[in-house]
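Observations on the three-dimensional arrangement
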Amino acid sequence: MTTAQRRIPFNALDRQNGGELGARMGDAACRIIGGGWYVLGVEVEAFEREFAAYCGASHAIGVANGSDALELAIASLGLPAGTEVAVAPNAAMYATLAILANGLVPLFVDVDPLRATLDPQALAAAITPRTRAVVATHLYGALADMDAIGKVARAHGLTMIEDCAQAHGASLGGRRAGSFGALACFSFYPTKNLGALGDGGAVTTSDDALAARVRQLRQYGWKEKYSVTAAHGRNSRLDELQAALLRLKLPLVDAWNARRRAIAARYGRGIRHPAIELPPLPGTDQVAHLYVVRSERRDALRGHLAACGIGVDIHYPIPDHRQPVFGERYATLSLPVAERLARTSLSLPCFAELEDAEVDAVIAACNGWDA
């Protein structure tokens, strides 16, 4: 069966987690199981040191998942109920849910049409006296415009939090994702550029006080065992097994990211269909977590590629301010760029183990679409 005839998956985690790496992970799992210590032990401590150094931050605090990372980072600021936190509306509600969980109010801000990340000018225009923080999401693997967003945040006294769930290793000017904001939040969900074999997350920061508060909040709010001194604590801990597996993968992330960028560049050079809009060619600030094209006939393109045996997905079909949970609360709010992205975006296969022949088959299918 030729590459063009066999199904091309949207992702294939077994390709990464098999072979030599899989054998090493199996050995690590056996070592952890035999060691008898499974939560907040030496593997977590080592991973936290190594990941903080990788990101260029002073601290990394392992937590149970990326959503908890966002909730705990926001909780560590101690903002009063009803405070606004600015957030982009095109990233599947993850940051928005964390804002709501802390009793705060999301201030939805439109995004830049090229980057699909928070628009600094729109942010400056949207800020009110109640706005105290901003979550800058690095979407699809691309860094948000941290220089411009940072200037707006400083001018208005906003605390900046990075959502780095899709941008492990992305860098600009020698700084990596996770080192720009007061706090930064990571997910290690299996499909991420650095993925565990289950859920996991981390918060990075170079603020000692914030690091101490997040560490308390991830374990019941304890200052010491059974002594709760921080409100809004929970049980959110990265386990030893996942930390050990992440330690094995961390040294490989930069090479995987380079391969993802090469795939994105191959798509960028090869897809020439006039009805398919392509993202910019990737630099170091883009680690190609997703390769997202746009088309006004998105659903027809999706059907065509599916018929060709190509796995695709939509990230993300419903903007946050149009989610059913809000009812009519934001009915009059118009965020045209985010709304167009929801209507037109389609993600093509883009993972480090994708073969060149498979990439070329996707390109040929896109170019052969009878739009």
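The notes below deal with the structure included here.

Here is what the cut-offs are and how they apply
- The numbers attached to residues start from 1 for each chain and follow its sequence in the written order.
- Local features in a predicted model are, by the rule used here, given only for residues with pLDDT of at least 70; side-chain atom pairs are given and counted only at 80 or more, and totals for whole chains, interfaces and linings are based on all residues.
- Hydrogens and waters are ignored; side-chain quantities use all the structure's heavy atoms.
- Segments assigned H or I by DSSP are reported as helices when at least four residues long, segments assigned E as strands when at least two residues long, and all are numbered from the N terminus.
- The globule rule used here is 2.2 Å times the number of residues to the 0.38 power, and the radius of gyration it is set against is calculated over C-alpha atoms.
- Exposure categories follow from relative accessible area, calculated using a 1.4 Å probe and restricted to protein chains: below 20% of the type maximum is buried, above 50% is exposed, and the middle band is partly exposed.
- Among the buried residues, those of types Ala, Val, Leu, Ile, Met, Phe, Trp, Tyr and Cys that are joined through side-chain atoms within 4.5 Å form a nonpolar core.
- Using a 1 Å grid laid over the protein atoms alone, points where a 1.4 Å probe fits but cannot get out form a cavity; open sets with protein on both sides within 12 Å along at least 5 of 7 lines form a pocket; any residue with an atom within 4 Å of a point counts as lining.
- Grid points are joined across faces, edges and corners, and a volume is the space filled by probe spheres set on the points.
- Classification convention: Asp, Glu, Lys, Arg as charged; Ala, Val, Leu, Ile, Met, Phe, Trp, Tyr, Cys, Pro as nonpolar; all other residues, Gly among them, as polar.
- Note on pairing: DSSP must find at least two bridges between two strands before they are called paired.
- Lines fitted to C-alpha atoms define the axes here, with helix axes fitted over just the stretch in contact, and angles between the N-to-C directions of these axes take values from 0 to 180 degrees.
- Salt bridge, as used here, is a side-chain nitrogen of Lys or Arg placed within 4 Å of a carboxyl oxygen of Asp or Glu.
- Ring pairs are drawn from Phe, Tyr and Trp, using the six-membered ring of Trp, whenever the two centres fall within 6.5 Å, and their geometry is named by plane angle: stacked under 30 degrees, edge-to-face over 60, tilted for the rest.

Things to note about the overall build of the chain
- Each helix and strand in the chain was counted, giving 13 helices and 13 strands.
- For a compact globule of 371 residues, the expected C-alpha radius of gyration is about 21 Å, and the chain comes in at 21 Å, within 12% of that figure.
- Taken along the three principal axes of its C-alpha coordinates, the chain extends 65 × 55 × 40 Å.
- Per-residue burial for the chain yields a buried fraction of 55% across its 371 residues.

Details of the nonpolar core
- Counting residues in hydrophobic clusters, the biggest one holds 92 residues, and the most contacted among them are F47, F51, L123, V134, F188 and L194.
- Core analysis: the next-biggest nonpolar cluster, separate from the first, contains 27 residues, A288, C350, V362 and W369 among them.

A short note on empty space enclosed by the protein
- Counted under the stated rule, the structure contains three cavities of 30 Å³ or more.
- The volume enclosed by the largest cavity comes to roughly 90 Å³.
- Lining the largest cavity are 13 residues; nearest its centre among them are L13, Q16, K192, R260 and E353.
- If you list the elements that add at least two residues to the lining of the largest cavity, you get α1 (13-17) and α10 (253-270).
- Looking at the lining of the largest cavity residue by residue, the classes come out as six nonpolar, four polar and three charged.

Quick look at the sheet that holds strand β9 (residues 201-205)
- Across the sheet, seven strands lie side by side as β1-β9-β8-β5-β4-β2-β3; this open sheet has mixed pairing. The sheet is open, and its two edges are formed by β1 (59-63) and β3 (105-108), each paired on a single side. Recorded for the sheet is a direction-independent mean angle of 25° between the axes of neighbouring strands.
- Across five bridges, strand β4 (residues 131-137) lies against strand β5 (residues 159-163) in parallel orientation. Across the sheet, residue V135 finds its bridge partner in β5, namely I161.

As for the pattern of salt bridges
- Under the definition given, this model contains 18 salt bridges.
- In this structure, the salt-bridge partner of R259 is D356, at a minimum N-O distance of 2.9 Å. Here R259, found in helix α10, pairs with D356, found in helix α13 (residues 356-367); they are 97 residues apart in sequence, far enough to count as distant.
- Within this structure, R31, E43, E50 and R247 form a network of salt bridges that share partners.

Some remarks on the layout of surface pockets
- Reported here for the largest pocket is a volume of approximately 500 Å³.
- Empty space within the second largest pocket amounts to approximately 410 Å³.
- What lines the second largest pocket is a set of 23 residues, among which L114, A142, P279, P280 and Q286 lie closest to the centre.
- With three residues, the single largest contributor to the lining of the second largest pocket is strand β12 (residues 291-294).
- Grouping the constituent residues of the lining of the second largest pocket by class yields 17 nonpolar, two polar and four charged.

Focus: the packing of aromatic side chains
- Counted by the stated rule, this structure contains 12 aromatic pairs.
- Plain terms: the ring middles of F108 and Y330 are 5.0 Å apart, the flat faces sit at 75° to each other, and that makes the pair edge-to-face. Residue F108 is found in strand β3, and its partner Y330 is found in the loop between α11 (298-307) and α12 (336-344); the two are separated by 222 residues along the sequence. For the pair shown, F108 and Y330 are each scored as buried.
- Residues Y267 and Y291 carry aromatic rings whose centres are separated by 4.9 Å and whose planes lie at 40° to one another, so their mutual orientation is tilted. With a gap of 24 residues between them, Y267 in helix α10 and Y291 in strand β12 connect regions that are remote in the sequence.
- In this structure Y291 comes out as buried when scored by relative accessible area, which is 3%.
- An aromatic cluster is defined as three or more aromatic residues linked by ring pairs; in this entry it consists of F47, F51, Y54, F186 and F188.

Structural notes on the pairing of β9
- Most of β9 is tucked away: five of the five residues are buried.
- The side-chain alternation of β9 yields two buried faces, one formed by G201, V203 and T205 and the other by A202 and T204.
- As judged from the five bridges shared by β1 and β9, these two strands associate in the antiparallel manner. Bridging across to β9, I61 finds its partner in V203.
- Relative to β9, strand β8 (residues 183-187) runs antiparallel, the two sharing four bridges. Each bridged residue has a counterpart across the sheet, and for A184 the counterpart in β9 is T204.

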